[in-house]
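This is what each chain is made of:
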Amino acid sequence: MKRMAKFFLVALVSVAAITFVSCGKKEAETIKIGVAGPHSGDLASYGIPTIKAAELVAEEVNAKGGIDGRMIELVIEDDVCKPEVAANTAAKLVGDGVVAVIGHICSGATKSAMGTYLDSELLAISPSATNPPLTQSGDYPNFFRTIAPDDAQAAVEVAFAYAQGYKKIAVLHDKGDYGKGFAEFCKAILEADKKAEIVLYEGITPGAVDYTAIINKIASSGADAVIFGGYHPEASKLITQMKKKDMNIAFLSDDGVKDDTFIKVAGEYAEGVYATGPIDTSSNPLAIKAVKAHQDKYGEDPGAFFINAYAAMLALVNAIDVANSTEYADLTNALRSNYVDTPLGKISFDEKGDAIGVGFAVYQVQNGQYVELK
Amino acid sequence: MFNLKELRKSFLTSLWFMFLTFPIMVIKVNTITDTVEWRWRNLAFVGVSAFILSFVWRWALDRRAKGGKAKKDGIGFKATVLAKTNQYKLPGLIGIGLLVAILPFFASMYTTSVLTTALMYVILGLGLNVVVGLGGLLHLGYAAFYAVGAYTYALLHYHFGISFWVALPLGALFSAVLGLLIGFPVLRLRGDYLAIVTLAFGEITRLVLENWNDFSFGPSGIANIARPGIAGIKMKLPQATIFIYFIAIAMVILTIFLVNRLENSRVGRAWEAMREDEIASQAMGIDLTKTKLLAFSIGAVWAGFVGVLFAAKTTFINPASFTVWESIVVLCVVVIGGMGSIPGVVVGALVFTLLPELLRSVSEYRMLVFGITLVIMMIFRPGGLIQKTRKSYKFKKEGDGE
Amino acid sequence: MKLDFFFQLLMSGLTRGSIYALIALGYTMVYGIVKLINFAHGEIYMIGAFTALIVSGVLSMYGMNPVFIFLIAITAAIIYSAAYGVTLEKIAYAPLRKAPRLSALISAIGMSMFLQNYVLLAQTSDFLPFPELLPEFGFLDPVKFIISTNQFLILVTTTVVMVLLTFFIKFSRTGKAMRATSQDRDMAQLVGININKVISITFVIGSALAAIGGVLISSHIGQINFYIGFIAGIKAFVAAVLGGIGSIPGAVLGSFVLGITESFGTGYISSDYEDAFAFVILIVILIFKPSGLLGRKVSEKV
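Being a predicted model, the structure only gives us computed values, none of them experimental. (Residues numbered from 1 in each chain as written. Chains lettered and ligands numbered in written order. Predicted model: local features only at pLDDT ≥ 70, side-chain atom pairs only at ≥ 80, totals over all residues.)

Take the overall build of chain A next. The helix and strand inventory of chain A stands at 13 helices and 15 strands. In terms of overall size, chain A behaves like a compact globule, its C-alpha atoms giving a radius of gyration of 22 Å where 374 residues would be expected to give roughly 21 Å. If one aligns the C-alpha atoms of chain A with their principal axes, the spans along those axes are about 65 × 60 × 40 Å. In chain A, which comprises 374 residues, the share counted as buried stands at 57%. (Helix = DSSP H or I, 4+ residues; strand = E, 2+ residues; numbered from the N terminus. Rg over C-alpha atoms; globule rule 2.2 N^0.38 Å. Buried ≥ 20, exposed ≤ 12 C-beta atoms within 10 Å, placed from the backbone.)

To continue, consider the overall build of chain B. On a plain count of helices and strands, chain B comes out with 17 helices and 2 strands. For chain B, buried positions account for 49% of its 402 residues. In chain B, of all internal contacts separated by at least 6 residues, the share reaching a separation of at least 24 is 76%. (Contact = placed C-beta atoms within 7 Å.)

Residues and elements named next belong to chain A. Along its sequence, chain A is organised into domain 1 (28-147 + 283-356) and domain 2 (151-272). Averaged C-alpha coordinates put domain 1 and domain 2 at centres separated by 31 Å. Taken together, the contact between domain 1 and domain 2 spans 7 residues of the former and 5 residues of the latter. Residue classes in the side of domain 1 that touches domain 2 are distributed as 3 nonpolar, 4 polar and no charged. (Domains from an automatic or database assignment. Nonpolar A, V, L, I, M, F, W, Y, C, P; charged D, E, K, R; others polar.)

A few words on the sheet that holds strand β11 (residues 340-342) of chain A. All names here are of chain A. Taken in spatial order, the 3 strands of this open sheet run β11-β12-β13, and their pairing is antiparallel. Each edge of the open sheet carries a strand with a single partner, namely β11 and β13 (355-356). Examined bridge by bridge, β11 and strand β12 (residues 345-349) share 3 bridges and lie antiparallel to one another. Pairing of Asp 341 across the sheet is with Lys 346, part of β12. (Pairing = 2+ DSSP bridges.)

Another aspect to go through is the packing of helix α7 (residues 142-160) of chain B against helix α15 (residues 324-337) of chain B. Residue and element names in this part refer to chain B. Where α7 contacts α15, the axes come no closer than 7 Å and their chain directions differ by 110 degrees. Put simply, α7 runs roughly perpendicular to α15. The hand of the α7/α15 crossing is right-handed. Listed contacts from α15 to Tyr 142, Ala 143 and Tyr 146 of α7 are Glu 326, Ser 327 and Val 330. Residues belonging to the contact of α7 with α15 are distributed by class as follows: 4 nonpolar, 1 polar and 1 charged. (Axes fitted to C-alpha atoms, helices over the stretch in contact; angles between N-to-C directions. Parallel < 35°, antiparallel > 145°, perpendicular 65-115°, else oblique. Left-handed = near helix turned anticlockwise from the far one by under 90°.)

Pairing between sheet strands relies on hydrogen bonds along the backbone, with the strands arranged either parallel or antiparallel. All names here are of chain A. Spatially, the 7 strands line up as an open sheet ordered β7-β6-β8-β9-β10-β14-β15, and their pairing is mixed. The open sheet is flanked by β7 (197-203) and β15 (369-373), the only strands paired with a single partner. Strand-to-strand twist across the sheet, computed as the mean angle between neighbouring axes with direction ignored, equals 30 degrees. Its contacts with the sheet put helix α8 (residues 212-221) on β6 (168-173), β7 and β8 (225-229), and the angle it makes with β7 is roughly 170 degrees.

A word on the domain arrangement of chain B. As far as domains go, chain B holds domain 1 (4-65) and domain 2 (107-380). Computed from C-alpha atoms alone, the centre-to-centre distance between domain 1 of chain B and domain 2 of chain B is 39 Å.

When the terminal C-alpha atoms of helix α9 (residues 191-211) of chain B are compared, their 30 Å separation across 21 residues agrees well with the 30 Å that a helix rising 1.5 Å per residue should span. Most of α9 of chain B is tucked away, with 19 of its 21 residues classed as buried. (Expected span 1.5 Å × (residues − 1).)

All names here are of chain C. Taking 1.5 Å of rise per residue, the 23 residues of helix α5 (residues 149-171) would be expected to cover 33 Å, and the 33 Å separating its terminal C-alpha atoms lies within 8% of that figure. Along α5, the residues classified as buried are Asn 150, Gln 151, Ile 154 and Thr 158. On its buried side, α5 packs onto α1 (2-34) and α8 (195-221).

All names here are of chain C. At a closest axis distance of 7 Å, the pairing of helix α3 (residues 66-93) and α8 adopts a crossing angle of 140 degrees. Classified by the angle their axes make, α3 and α8 are oblique. Note on packing geometry: the crossing formed by α3 with α8 is right-handed. On α8, the residues touching Ala 73, Ile 74, Ala 77, Ile 78, Ser 81, Ala 82, Tyr 84, Gly 85, Val 86 and Glu 89 of α3 are Ile 199, Ser 200, Phe 203, Val 204, Gly 206, Ser 207, Ala 208, Ala 210, Ala 211, Ile 212, Gly 214 and Val 215. Here the residues of the contact of α3 with α8 are counted per class, giving 15 nonpolar, 6 polar and 1 charged.

Right, let's talk about unusual backbone geometry for a bit. Peptide bonds are, in most cases, trans, and in most cases residues other than glycine have a negative phi. Put simply, Gly 103 of chain A and His 104 of chain A share a cis peptide bond, and its omega is -10 degrees. Its location among the elements puts His 104 of chain A in the loop between β3 (100-102) and α4 (107-119). Even without glycine at this site, Asp 246 of chain A takes up a positive phi of about 60 degrees. Within the secondary structure layout, Asp 246 of chain A lies in the loop between α9 (232-244) and β9 (250-253). The phi angle at Phe 217 of chain B is positive, at roughly 65 degrees, despite the residue not being glycine.

Take the nonpolar core next. By size, the foremost hydrophobic cluster in this structure holds 343 residues, and its most contacted members are Val 226, Met 313 and Leu 316 of chain A together with Leu 282 of chain C. Here this core takes 17 residues from helix α6 (residues 109-134) of chain B, the largest share from any one element. The contact partners of Val 226 of chain A, leaving out residues within four places of it in the chain, are Ala 170, Leu 172, Ile 218, Ile 249, Phe 251 and Leu 252 of chain A. (Core = buried A, V, L, I, M, F, W, Y, C linked by C-beta atoms within 7 Å.)

The partner chain B presents 41 residues to the 55 residues of chain C that form the contact. Among the elements of the structure, α2 (41-60), α3, α4 (101-122), β1 (128-129), α9 (228-243) and α11 (274-288) of chain C are those that each provide at least two residues to the side of chain C that touches chain B. By residue class, the composition of the side of chain C that touches chain B is 43 nonpolar, 9 polar and 3 charged.

Residues and elements named next belong to chain B. Sheet topology places strand β1 (residues 27-30) next to strand β2 (residues 35-38); 4 bridges connect them, and they run antiparallel. The residue bridging Val 29 from the neighbouring strand is Val 36, located in β2. Between β1 and β2, which pair antiparallel in sequence order, lie 4 residues; one of them, Asp 34, sits at a positive phi of approximately 60 degrees.

This part is about the environment of Ala 76 of chain C. Residues and elements named next belong to chain C. You can see Ala 76 is positioned in helix α3. Here Ala 76 falls in the buried class, since 20 other C-beta atoms lie within 10 Å of it. Between the C-alpha atoms of Ala 76 and Ala 52, which are 24 residues apart in sequence, the distance is 6.6 Å. Leave out the neighbours within four places in its chain, and Ala 76 touches Thr 51, Ala 52 and Val 55.

A separate point is the environment of Ala 309 of chain A. Residue and element names in this part refer to chain A. Along the chain, Ala 309 turns up in helix α12 (residues 306-323). With 260 residues separating them along the chain, Ala 309 and Pro 49 place their C-alpha atoms 8.0 Å apart. When residues no more than four places from it in sequence are discounted, the contact partners of Ala 309 are Pro 49, Thr 50, Ala 53, Ala 54, Ile 102 and Pro 127.

The subject of this paragraph is the confidence of the model for chain A. Parts of the prediction with low pLDDT should not have their coordinates interpreted in detail. For chain A, mean pLDDT is 85; residues scoring 70 or higher make up 92% of the total. Throughout residues 18-28 of chain A the model reports pLDDT below 50, and contacts reaching past four residues in sequence, or to other chains, amount to 9 contacts. (pLDDT = per-residue confidence, 0-100.)

With that settled, the discussion passes to the confidence of the model for chain B. All names here are of chain B. Here chain B averages 84 in pLDDT, and 89% of its residues register 70 or above. Considering each helix and strand of chain B separately, the mean pLDDT is smallest for helix α3 (residues 68-71), with a value of 47, and largest for α7, with 93. For residues 69-73, every residue scores under 50 in pLDDT, and the model assigns this stretch 3 contacts once sequence neighbours within four places are set aside. With pTM at 0.86, the complex prediction returns an ipTM value of 0.86.

This brings us to the pairing of β15 of chain A. Residue and element names in this part refer to chain A. Looking at chain direction, strand β14 (residues 360-366) and β15 are connected through 5 bridges and run antiparallel. Residue pairing for β15: Val 365 is matched across the bridge by Tyr 370. Linkage of β14 to β15, two consecutive antiparallel strands, is achieved through a turn of 2 residues, within which Asn 367 is found at a positive phi near 50 degrees.

All right, on to the environment of Phe 17 of chain B then. All names here are of chain B. The topology assignment puts Phe 17 in helix α1 (residues 4-26). Put simply, Phe 17 and Leu 43 are 26 residues apart on the chain and 9.1 Å apart in space, counted from C-alpha to C-alpha. Among residues more than four places away in sequence, those in contact with Phe 17 are Val 46 and Ala 50.

Here it is as structure tokens:
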């Protein structure tokens, strides 16, 4: 049993180490803002751009002397997009004394973390968690987001399908949190409207070695359009094999596919694919400035959700400035009652926490580029 | 040691590794932008480290080959011996008890939260240890039972508002029932066939949770699961975290006590006999069907308990938390710690959950380091950190020692 | 139309089956010789695919004939996969030959984690498009809606490889040594078979087959990332067990049963439960034949 004692000594030392690390910085003057999301593992590419956005905004604010003389300090924590890790991450951020959090990235991890923040009276602004109940259920009054929810996106997608005159639609998804959620909303809207028939509703298996079975099934279902909920790797596999089989079925997808990587991977087969995505704001002067700042600092174009994260950070900084406080009630109030200029346009937040002034548009791949359809 | 032959060996090893890692370490092709990056520095790095490491490697293997004598100097052996000496047992236990009791009041909420996760793995490890360590049944679908526990609480809470304390035994019960259901068809299977079938059952459970939206809400999961409370008092988060920590502690103590009793019971001895030789144990009058089913369902009970606790702790669950990978992690906990040995499994679980947290500073390399640690650990301590000491009985000749 | 659909599904099933078979053979051969589940075998397949991607990426910058590039890439993939396989065995398995079997399994899991993250760190976490090197075969145009060029190639290559492997195992000296070793390792050693050499050769062949599978499937699916090995590896392992692990014809049969079940399940029922079909057929078969379709029934001496 002394071995046990010895072990616990080691454990105690490590615990102490963790504690000291987290309590080490005690300069009371800074305003701590948490940044949480997947920063390692296979989903890291969705989380890292948010860190960069937060860093760029923080640097700019600090260079101008901070918010009323108080500097911003970022506390960056990884949640690898797993709910069970996100709960620990949230506890860590609360323990570190942050005033608000930019994040999380994945809806599941966000839900798991929000309870912790709510109890500790912290608010979070996510640049990317699109699951509708986060705002609509009313369970998380401390949640805000700078991206439109999935059901809004599904409504845009289905309306577009009607406008194109599609009568038979196959709805597919990747069985994931995001993809299946999106597909469910499309299905619900289609079933309620009865303007088009759902001829197939199925999930495909990511990572399967062959997709021809499901593709043949689409072909034999007689669909004239496919709506796919999921991310671009699966979408490009599907579209490539469909086109190779000379299937002439329209392919509609979501924001997870409205990514330039999709066009590069699928190449010529991507031509003509429709995808919904946030309304194009690349001509917005703030967006141009943010992208330019990113290119100057990191030497490459920003990644996924960068603009949304940039907007989230700006909104938060503005709220702290206007409210002249870092208290939960003051901040939420300020977020809801003030419009702020962001790369996404002039935005504010409604009672539920969704951003006002953020919406979706439909894009089509034309000559190797996504073009917004008006 | 540093004679010419050794140098030549290391040189060749280093060349071999330079050849081996050449395409993946040196060339980075981006087929999207059609650019190639040549990273020759990596080659030099691989060459030099392979040269040095090959010396270390041969020295370590050599030392291992010199046999038991050398190994007995190891910390692991000392630990194994110390674990058996009664002299330190009481003060040690009291020390640990005090430490455990006061820890959450000093440590941050994050630390408490991480420790609770570690404790949950201790229970999972001990539960799987019953099946794998004692019963010798290789089980790769343990996450399914864990999922049953978590979903029991989440769904019952969602539909009927059932509290944590009611869900706890129910989760364990459902989990045990699933254990029996899985146990029946696999009675005839052995070894690796058993492993793959349990893996299949685990995956089917997850696939059902993922696809049957009307029942389980699919991949979007269930949110807002209540944290445990007493008599309807709603605790603030820091108190709730500490409370869950103490529930976990209580469950660990209970588990250790029960598993320890089980191990020395009639059933426990039957499990061990079955692990050693199924046919011989059957010949000795052990009812294999009953014994196996008991192992499966008793192992499942703990997974059910932890599942409920897991749902209560994270307040949100979805099927992504219950993959094959989760089952493999629990198996690793058992084997790393030392199969069949209770203190071993406890240490294994703590190492397995705390190490990645401590490795956060080397974040992107941590899984790499972790993987190689597993390999090294198995090569140099194949029996686990704290090996189980076999029970031995001494027959005293009459008149001996008088 | 109904019949077309049937044949399309059949082809899809055969394609899947071929790929599973190429990977499953590695599992089953290694298992036959050293009684070890080589958990990192899927990673070898992934490394083969990556090597081919890298080689063809570099070569295509020099404007070489795509068919040549394909041949060079597949050769490189075979060589490297085999080299990784042998090294893997020497580092992670050889020191554990006398250790408990579970320790070797954990060591294999550790190696699998290591190799995945090694590729992730040295290359990228993103999906990379696999270059299209082979032209569409003109003679397949009339039946294009049933079988694509890549599917055709996969089926032909797999058949050729299987035939060659069968001859090798049946008639060559090494093949006989391998069979002897898998039957009784000690006895084989007594009659002068170099066990270490046999084990190395087994890893070489198994890894080379996986590499062929990796390259073929990557050009069929069109993109790869560091994680493809894990999923394909589990499926192939299921196939090997289904057929009776340790048995070479068993692995092939098991793979085709699995592939066809999956594709018919997807086609006629729903792809929601695509993986579940694979697992259900596994359980059903093992309930009735506890040592797989063609597995040796081990009678134990008491």
